[in-house]
Amino acid sequence: DAGITQSPRHKVTETGTPVTLRCHQTENHRYMYWYRQDPGHGLRLIHYSYGVKDTDKGEVSDGYSVSRSKTEDFLLTLESATSSQTSVYFCAISEFAVGSGSDRGSYNEQFFGPGTRLTVL
Amino acid sequence: AQSVTQLDSHVSVSEGTPVLLRCNYSSSYSPSLFWYVQHPNKGLQLLLKYTSAATLVKGINGFEAEFKKSETSFHLTKPSAHMSDAAEYFCVVSEHFGNEKLTFGTGTRLTIIP
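Source: prediction; values computed, not measured. (Residues numbered from 1 in each chain as written. Chains lettered and ligands numbered in written order. Predicted model: local features only at pLDDT ≥ 70, side-chain atom pairs only at ≥ 80, totals over all residues. Heavy atoms only, no water.)

A.B. asks: Describe the sheet that holds strand β1 (residues 4-7) of chain A, and please don't skip the residues or the numbers.
C.D. replies: Residues and elements named next belong to chain A. A sheet is described by the order of its strands in space; here four strands give the open sequence β1-β3-β8-β7, paired in antiparallel fashion. Since the sheet does not close on itself, it has two edges, and those belong to β1 and β7 (64-70), each with one partner. Between one strand axis and the next, the sheet turns by 20° as a mean value, whatever way the strands run. (Pairing = 2+ DSSP bridges. Helix = DSSP H or I, 4+ residues; strand = E, 2+ residues; numbered from the N terminus. Axes fitted to C-alpha atoms, helices over the stretch in contact; angles between N-to-C directions.)

Following this line, the structure appears as structure tokens:
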């Protein structure tokens, strides 16, 4: 399994409080991602990073910010949590790979962490 | 822009019978396609990937998928279902050459009947 950990694994908080989730990797992969998973929506990208201090927004970035000061850590912050941010949050990492032989394409295979279940009351 | 549609939100099959999970995609470029599996309260695990080479792709645990460009489909199959296959399955598309983002389908929950 890819070396990805997320902390905390579970958190209950109140509306209006700040929350920070941490993703830590030991694979030295360049790309890191934060997703949220909600019933009926699959996984939706919140923010991603393509290098230290290089980040960009995903499709559901409102209310979230991220930071990446080291290759191995990617932080997701909810500045003022709302009940609509109750979800399961997954971190992922990737490094573009190029296949060989019969598998010659380049591809972005992402490896996922175990998830953080966040409840905002 | 890329998108993916999983045609069934829930599929039930009996143990030992074939599995078919359907996926259609849309992409402006030559895509990479993936199937991921998520067991209850777990993270996502890659089952298999298509990356513009062989159109029939074999993955782990006996699963395979066939890329059909003319039908824009990437259906997941397995000849004989096992109880341990009960999980949620996600079809995912990514465009080549600089698009780092994956787009996920909404998932298909597979139930295995003993």
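A.B. asks: Requested: an account of the state of the cysteines, with residues and values cited.
C.D. replies: Disulfides are covalent bonds that link the sulfur atoms of two cysteine residues. Applying the stated criterion to the full structure yields two disulfides over all chains. Here Cys-23 of chain A engages in a disulfide with Cys-91 of chain A; their sulfurs sit 1.9 Å apart. Here the S-S torsion is close to -70°, and the disulfide linking Cys-23 of chain A with Cys-91 of chain A is therefore left-handed. Separated by 68 residues along the polypeptide, Cys-23 of chain A in strand β3 (residues 19-25) and Cys-91 of chain A in strand β9 (residues 87-94) bring together distant segments of the chain. Here Cys-23 of chain A matches Cys-91 of chain A in class, with each residue buried. Cys-23 of chain B shares a disulfide with Cys-91 of chain B; S-S distance 2.0 Å. Disulfide Cys-23 of chain B-Cys-91 of chain B: the torsion about the S-S bond is -65°, which places it as left-handed. One end of the pair, Cys-23 of chain B, is in strand β4 (residues 23-26); the other, Cys-91 of chain B, is in strand β10 (residues 87-95), and 68 residues separate them in sequence. Neither Cys-23 of chain B nor Cys-91 of chain B differs from the other in exposure class; each is buried. (Disulfide = S-S within 2.5 Å. Buried < 20%, exposed > 50% of the residue type's maximum accessible area, 1.4 Å probe, protein only.)

A.B. asks: Could you give an account of the pattern of salt bridges, naming the residues involved and the relevant values?
C.D. replies: Residue and element names in this part refer to chain A. Scanning the model with the defined rule gives nine salt bridges over all chains in all. Close ionic contact of Asp-73 with Arg-22 constitutes a salt bridge, the shortest N to O distance being 3.1 Å. Of the two residues, Asp-73 is situated in strand β8 (residues 73-78) and Arg-22 in strand β3; the sequence distance between them amounts to 51 residues. Note on Arg-22: relative accessible area 33%, which makes it partly exposed. The partner of Asp-38 in a salt bridge is Arg-36, and the shortest N-O contact between them spans 2.8 Å. Asp-38 gets classed as buried once you look at its relative accessible area, which sits at 12%. Accessibility expressed as a relative area gives 8% for Arg-36, which makes it buried. Overlapping salt bridges bring together Arg-22, Lys-70 and Asp-73 as one network. (Salt bridge = Lys/Arg side-chain N within 4 Å of Asp/Glu carboxyl O.)

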